[in-house]
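Each chain, letter by letter, is given below.
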Amino acid sequence: YHSVGKGKGIASFVKGSQSDIIPAEDMVLGSCQITKLSAPELDIFAVYKSKTHSVSQLVRSIRNMMDSNKATFVAGDFNVDNSTDDSLSRELTALGFESCVHAATHVRGGHLDHAYFRDSERTWQLTMERISPYYTDHDLLGAVVRKIKE
């Protein structure tokens with residue numbers, strides 16, 4: 001869990017039975033927070049990026065924290081509206097990621113919350129769920145990642 005102000009932070013939850021997923025690395029700045037959870041064959045990144053933080057700097061940070069030999073899931077509030085600015089999506093696609101959310105995630109119609117998955121070996125199955133809770137103007141993105149082949 002990281003918070004640097006009202007509405008500026010991230011929290012990550014992992015089932016207790018998933019003891020092989022451990023906190024691995026954090027980057028905490030006033031304008032951006034990244035938490036990396038790591039398992040032997042999968043990395044998970046939770047991200048909050050404020051409007052003022054550079055997309056290129058964020059992607060550079062993710063790239064520096066990534067293990068290119070593992071499948072990687074990246075999700076969070078990026079404050080970049082994919083419907084009007086595809087810079088984030090373009091940069092992550094260039095790293096081999098595929099976008100997993102293709103609809104508005106904000107009450108005003110913006111696509112601010114994103115999820116990306118990179119699995120070149122096609123070892124994992126990703127299931128996404130988008131929920132609109134009453135207490136926030138952002139949708140909640142839920143993800144289940146299951147190993148489908150050895």
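Reading the values: rules and limits
- Residues numbered from 1 in each chain as written.
- Predicted model: local features only at pLDDT ≥ 70, side-chain atom pairs only at ≥ 80, totals over all residues.
- Heavy atoms only, no water.
- Helix = DSSP H or I, 4+ residues; strand = E, 2+ residues; numbered from the N terminus.
- Contact = heavy atoms within 4.5 Å.
- Core = buried A, V, L, I, M, F, W, Y, C linked by side-chain atoms within 4.5 Å.
- Buried < 20%, exposed > 50% of the residue type's maximum accessible area, 1.4 Å probe, protein only.
- Phe/Tyr/Trp six-rings, centres within 6.5 Å; stacked < 30°, edge-to-face > 60°.
- Lys NZ or Arg CZ within 6 Å of the ring centre and 35° of its normal.
- pLDDT = per-residue confidence, 0-100.
- Arc of directions from axis to C-beta.
- Polar contact = N/O pair within 3.5 Å; in protein donor to acceptor, adjacent residues only side chain to side chain.
- Pairing = 2+ DSSP bridges.
- Salt bridge = Lys/Arg side-chain N within 4 Å of Asp/Glu carboxyl O.

## Structural notes on the overall build of the chain
A tally of helices and strands in the chain yields two helices and ten strands. Reading the secondary structure of the chain in the N-to-C direction produces β-β-β-β-β-α-β-α-β-β-β-β. Taking as baseline every contact in the chain between residues at least 6 positions apart, the subset at least 24 positions apart corresponds to 56%.

## Examining the nonpolar core
Among the nonpolar cores identified, the biggest contains 18 residues, and Ile 34, Val 47, Leu 58, Ile 62, Val 74 and Leu 88 are the most heavily contacted of them. Counting only elements with at least two residues in this core, the list comes to strand 4 (32-39), strand 5 (42-49), helix 1 (55-65) and helix 2 (87-94). Here this core takes five residues from helix 1, the largest share from any one element. Formed by nine residues, the second largest nonpolar core is a distinct cluster that contains Ala 71, Val 101, Ala 115 and Phe 117.

## Focus: the packing of aromatic side chains
Tallied over the entire structure, the rule returns two aromatic pairs. Between the aromatic rings of Phe 78 and Tyr 116, the centroid separation amounts to 6.4 Å while the plane-to-plane angle is 90°, which identifies the pairing as edge-to-face. Pair noted here: Phe 78 is in the loop between strand 6 (71-77) and helix 2 and Tyr 116 is in strand 8 (residues 113-118), with a separation of 38 residues, a long-range link. The aromatic ring of Phe 97 is capped on one face by Arg 118, whose charged end is 5.8 Å from the ring centroid.

## Comments concerning the confidence of the model for the chain
A residue-level look at the chain finds 81% of positions with pLDDT of 70 or above and a mean pLDDT of 80. Confidence, read as mean pLDDT per element, is least for strand 1 (residues 2-3) in the chain (55) and greatest for helix 1 (92).

## Re helix 1
The periodicity of an α-helix, 3.6 residues per turn, causes residues three or four places apart in sequence to face the same way. Residues of helix 1 that are buried: Val 55, Leu 58, Val 59, Ser 61, Ile 62 and Met 65. With its buried residues spanning 155° around the axis, helix 1 presents them on a single face. Where helix 1 begins, the capping side chain belongs to Ser 54, and its oxygen is found 3.2 Å from the backbone nitrogen of Ser 56.

## Quick word on the side chain of Ser 89
Summarising the element assignment, Ser 89 is placed in helix 2. Residue Ser 89 is classed as buried on the basis of its relative accessible area of 15%. Excluding residues within four positions of it along the chain, Ser 89 makes contact with Asn 82 and Tyr 116.

## Structural notes on the sheet that holds strand 5
Spatially, the six strands line up as an open sheet ordered 3-4-5-6-8-7, and their pairing is mixed. The open sheet has two edge strands with one neighbour each: strand 3 (22-28) and strand 7 (98-99). Note: strand 5 against strand 6, seven bridges, orientation parallel. The residue of strand 6 that forms the bridge with Phe 45 is Val 74.

## Topic: the pattern of salt bridges
Applying the stated rule across the entire model yields five salt bridges. Across the pair Lys 147 and Glu 41 runs a salt bridge whose closest N-O atoms are separated by 2.6 Å. Here Lys 147, found in strand 10 (residues 140-147), pairs with Glu 41, found in the loop between strand 4 and strand 5; they are 106 residues apart in sequence, far enough to count as distant. The class for Lys 147 is partly exposed, based on a relative accessible area of 29%. Assessed through its relative accessible area of 41%, Glu 41 is described here as partly exposed. Arg 122 is the partner of Glu 98 in a salt bridge, and the nearest nitrogen-oxygen pair spans 3.1 Å. Highlighted residues: Glu 98 in strand 7 and Arg 122 in the loop between strand 8 and strand 9 (124-131), separated in sequence by 24 residues.

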